[in-house]
Structures are given as structure tokens and as C-alpha cells.
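A look at the structure
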Amino acid sequence: MKEVWDLFITFFRIGLFTFGGGYAMLPLIQKEVVESKKWATEQEVLDIYAIGQSTPGLIAVNTSTFLGYKRKGILGAAASTLGIVTPSLIIIMLIATGLSYLLDYAIVKHMLAGIRVAVVALVLNAVIRMWKSSVKDWIGIIIFAVTFIAVTLFNFSMILVVACAIVLGMAIYLRKVKEQNQ
Amino acid sequence: MIYLEVCITFFTIGLFSIGGGLATLPLLQEAVERYQWLTNQEFVDMIAISQSTPGPIGINMATYVGFNTGGILGALLATFSIILPSFIIIIIIAHFFMKFNEQPLVRSAFMGLRPAVTALIAAACFEVVKVSLVHIEQYVETQELLQLFDIKAIVLFLVLFITMNKIRKHPIVYIIIAAVIGGIFQF
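Rules used in this analysis
- Residues numbered from 1 in each chain as written.
- Chains lettered and ligands numbered in written order.
- Predicted model: local features only at pLDDT ≥ 70, side-chain atom pairs only at ≥ 80, totals over all residues.
- Heavy atoms only, no water.
- Helix = DSSP H or I, 4+ residues; strand = E, 2+ residues; numbered from the N terminus.
- Rg over C-alpha atoms; globule rule 2.2 N^0.38 Å.
- Buried < 20%, exposed > 50% of the residue type's maximum accessible area, 1.4 Å probe, protein only.
- Contact = heavy atoms within 4.5 Å.
- Areas by Shrake-Rupley, 256 points an atom, 1.4 Å probe, with all protein chains shown as cover.
- Lys, Arg positive; Asp, Glu negative; His and termini not counted.
- Charge placed at Lys NZ, Arg CZ, Asp CG, Glu CD.
- Domains from an automatic or database assignment.
- Core = buried A, V, L, I, M, F, W, Y, C linked by side-chain atoms within 4.5 Å.

Turning to the overall build of chain B, a few remarks are in order. Within chain B, the secondary structure is distributed over 9 helices and 0 strands. Going from N to C terminus, chain B has its helices and strands arranged as α-α-α-α-α-α-α-α-α. Whereas a compact globule of 187 residues would reach a radius of gyration of roughly 16 Å, chain B reaches 21 Å, over 25% beyond that. Its C-alpha atoms put chain B at 55 × 50 × 30 Å along the principal axes. Residues counted as buried form 49% of the 187 residues belonging to chain B. Nonlocal contacts in chain B, meaning residues at least 24 apart in sequence, comprise 43% of its contacts between residues at least 6 apart. As displayed, chain B has an accessible area near 9,200 Å², and 68% of this comes from carbon and sulfur atoms. Each charge sign in chain B was given a centre, from 9 positive and 11 negative side chains, and these centres are 22 Å apart.

Assigned domains of chain B: these are domain 1 (2-100) and domain 2 (104-184). Once you take the C-alpha centre of each, domain 1 of chain B and domain 2 of chain B turn out to be 27 Å apart.

What follows concerns the nonpolar core. Formed by 115 residues in total, the largest nonpolar core has its most connected members in Phe11 and Tyr23 of chain A together with Phe10, Leu28, Met46 and Ile121 of chain B. Of all the elements, helix α4 (residues 57-100) of chain B adds the most residues to this core, at 16 residues. When residues of this core are assigned to domains, at least three map to each of domain 1 (2-100) and domain 2 (104-184) of chain B. Discounting chain neighbours no more than four positions away, the residues touching Tyr23 of chain A are Tyr49, Val119 and Val123 of chain A together with Ile121, Ala124 and Val128 of chain B.

Attention now goes to the side chain of Ser108 of chain B. Structurally, Ser108 of chain B can be placed in helix α5 (residues 104-132). Discounting chain neighbours no more than four positions away, the residues touching Ser108 of chain B are Gly169, Met170, Tyr173, Leu174 and Val177 of chain A.

Here it is in C-alpha cells:
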């Protein structure tokens, strides 16, 4: 039961300090889940995030649910999912009841702009760490570069990109993996 | 009746939107217009608030719309409805993934998927760069290269980036420091 509570608190903290989409939670997950609690490895987090991105629903919720399930089954999944959504529930309800004027204060806007700069630095740092555990050869470099350009410059749909990467991975690496297994 | 509409709407959004919070927008907008939950201006405000407050954007939007239409119960129902489909789907996938992740087919698929997902995260990061470190609109207006760069923000970015590689403090520490600096130096 203690571990289930720990899951809730950890993901509550992650939800409270995630400013932006699912990508913004990655530096926090690396710190909390990989380094401090050792619930998953760097590569497992990347794999779970990849699944979260390619399945229906919100990436942040999918990733939290998966990590909770991996740790403590269905109860763990419920705890981590509740943890990640509870800060939003509280904060948004407070704001919707009439605190929305707070967001119009200049000081709050300046602080949020500062936070966005920190998010860029933190996520870039997370991307570099992920690069180290995900890009292993020149094919990986090409997949990375093509994906980045396709999404940023040409607005390719994410689902298409993900599907291509899966097919490519199977086509290129399947034989190698099978040889390793023998 | 309104609670049932909220539940069905957000369950559908949770089930059919792939790719994170902003991917829910087309479905959400359609529902908001059909049931007249928010005016256009309120809808725009709702997105701005959801993006600037902490927490996943999709959850923030669900809570906000739910609260506006049905109070606290509406907020809770909207949020639980949007997470329910993914909760069920992810548990099923997690169950099988943990069984089959050593299969050669799955392993090779992930070897191709990992660099692509890393690139998708880098692309998301790049989108934030465009609104936080540079002023593209000001540059387009004035055509002066100096106007393109937000010097204050870039200095803070470099200091934070170098520091976090030397001293590996909790990300929360850097977020709070950046908020304070942003407030003091009027970012």
C-alpha cells in the first residue's frame, strides 16, 4: 500500500510541475522515476512514452498509467493516473471559480515566460539523454533527422511518422535481433 | 442530462484523439459548439489558460470545460471520462507488452521507433523555442536581426542549460528559479 501511495505522490508532483504537453513531463520522469525511485530504465521510459504517443488518449496520462501498471498492476495504474490529473483538477477549478484574473497580472506572465525558458532547457537536456539510449547507428541518425524535418517543416502527421519508423525498424533490424538471440 | 453529454463527449475525445492534448482540439471544438458550452472567446481563453497552468493540457481543458458546464461534478466527470479509454487501452497494452517485449519483432520495431520518438520530442521542444527564445513576429515586422532574438531569454536558457549539466538538481528547482528570474527581469 505504501508503494501505491508513493506512486500517487510522485505523479502528483510530476503533474504539478509539468508546464506544456506530455514532452514537458519527461525531465521530471527521468529524475523521479529513473534516477530517484529506479522504477524503470531510461530506455523503458522512452519505449513507454513511444507507446503513449501512438495510442489513443493523452500522452502524459498514457505514460503515467503504463508506468504505474508496470510497478504495481491495476492499482498502481490507478494511483499514478489519479496522481497526474489531481493537480490539474484542483488548479483549474480554482481558476475557473474566479481566479482567472491572476493570469492577467504582468508578473505572472513574466514568470510563465521564465518557466517556458526552463522547459526548453530541461527538455533539450532530456532529448540529449534519450538520444544516447535510442540512436545507436547511422540508420538511427537518419530516422531521427527525417522525422524531425518531416514534423517541423512539413507538418507530417505523427501517426504516419510513427508507423513508418516501426516498419523501418522491423525491416532493418529484425535479422540482426534474431542473430543476436541465437 | 448535461452530465451524460459531458461523459459521452470526453469519453469519445479520449478514445479518438492520438498525439496529446492539442490533438483533442478539433473534437472538443465541435462538441463545445454543438452543445453551446462556451462562446468562441471563452474557448480561446480556455486554451490559453490550459496551456499556461501546470498539468497535461488535455486534462486542463477537460476540467475547465466540465467545470463550466456542470460545476465540480462536471469537472470530475469530464476528467475521468477523458482518461477512462486510455486507462483501459494502456492496461491491456502494458499487459501484453510486458509479455512480448523480448520478441524479435517487437524489439526490432522499437529500435526503429526510438529515434523517431526522440525526434518528435525534439520537435515539440523546437515549438517552445519558437515562442520563448525568439520573436518571429517582431522580426517579420521590423526585418532587424537583433529583434529576432530574445536576448534575456537566451542568456537564461544558456545559464540554465550549462548549470543543469554540471549540477544535476531536481527539474523543479530550475523551474522555480526560472519563474523567479522571469518575474524579476520582466521576461
